[in-house]
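# Close look at the chain arrangement
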Amino acid sequence: MRLPLQISFRHMQRLPALEATIREKAAKLDRFAGRIMSCRVVVDPAGKHDVYGNPYEVRIDIKLPTGEVVATREPSERKEYKDIAVSIRDAFDSAARQLEDYVRIQRGHVKSHAHIPHARISKLVPDEDYGFLRTSKGREIFFHRNSVLKEAFDLLKVGTEVAFVEEDDERGPQASTVKRVGRHGGY
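Attention here is on the structure that accompanies the text.

Each value, and the rule that gives it
Residues numbered from 1 in each chain as written. Predicted model: local features only at pLDDT ≥ 70, side-chain atom pairs only at ≥ 80, totals over all residues. Heavy atoms only, no water. Helix = DSSP H or I, 4+ residues; strand = E, 2+ residues; numbered from the N terminus. Buried < 20%, exposed > 50% of the residue type's maximum accessible area, 1.4 Å probe, protein only. Contact = heavy atoms within 4.5 Å. Areas by Shrake-Rupley, 256 points an atom, 1.4 Å probe, with all protein chains shown as cover. Expected span 1.5 Å × (residues − 1). Core = buried A, V, L, I, M, F, W, Y, C linked by side-chain atoms within 4.5 Å.

Moving on: the overall build of the chain. A tally of regular secondary structure across the chain gives 2 helices and 9 strands. Taking all 187 residues of the chain together, 36% fall into the buried category. Long-range pairs, those at least 24 residues apart, make up 51% of the contacts in the chain with a sequence separation of at least 6. Total accessible area on the chain stands at roughly 12200 Å², and carbon and sulfur atoms take up 49% of it.

Spelled out as structure tokens, the structure:
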């Protein structure tokens, strides 16, 4: 980090052991994004002490040359967040994930999901266990009973919308991994 780490304990005593833990975890953030300019960590008890302890809010503000990442572990009903060490750990885990995502986006390494083609059943021959799909471009694609997921061949009807993976066979295009689309189809 280019600028010093800033740690603030609000409405509570400064605890050297927690401060050391925060410094250790903050130093590890450089592994996720090497150009961190500053990091500010604020630890704040969220309310009055009760019988079971005090929930804590931990906020981490990280400045980068082209943006900022903010991770917050807010108090909740979960008992774990009444342990300050757990709140700090989870806030830094969240910051690390956000930094990884930030760097991935900056580098242009964002995952893109392949388009899964859709078609409609145009012909069924149930006694011979096959049928044909018609794509939106008017192409006819063969499929077999064994290509239909969840053994749902008998549930198909002409006009049913399906998603599929296309493969080339020596006899022409063939659909594999055919799955009904909609409420009961799974997509």
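Further notes follow.
Turning to helix α2 (residues 84-107), a few remarks are in order. An α-helix turns once every 3.6 residues. As a result, residues three or four positions apart point the same way. Counted at 1.5 Å a residue, the expected span for α2 with its 24 residues is 34 Å, and the 35 Å between its end C-alpha atoms agrees. A positive phi of about 80 degrees marks Gly108, the residue just after α2.

All right, on to unusual backbone geometry then. Phi at Glu151 is positive, roughly 50 degrees, even though this residue is not glycine. Residue placement: Glu151 occurs in the loop between β7 (140-144) and β8 (161-169). Look at Thr177: it is not a glycine, yet its phi comes out positive at around 50 degrees. Tracing the chain through its elements places Thr177 in strand β9 (residues 172-180). Owing to a relative accessible area of 36%, Thr177 belongs among the partly exposed residues under this scheme.

A separate point is the nonpolar core. Judged by nonpolar contacts, the single largest core of 28 residues is most densely connected at Ile22, Leu29, Val41, Ile60 and Ile62. Elements with a contribution of two residues or more to this core: β1 (5-9), α1 (16-28), β2 (38-45), β3 (56-64), β4 (67-73) and α2. It is α2 that provides the largest number of residues to this core, a total of 9 residues. In this view, Ile62 contacts Leu29, Ile36, Ser38, Cys39, Gly67, Glu68, Val69, Ala95 and Leu99; residues no more than four positions away in its chain are not counted. With 13 residues, the next largest nonpolar core counts Ala119, Phe143, Val148 and Leu156 among its residues.

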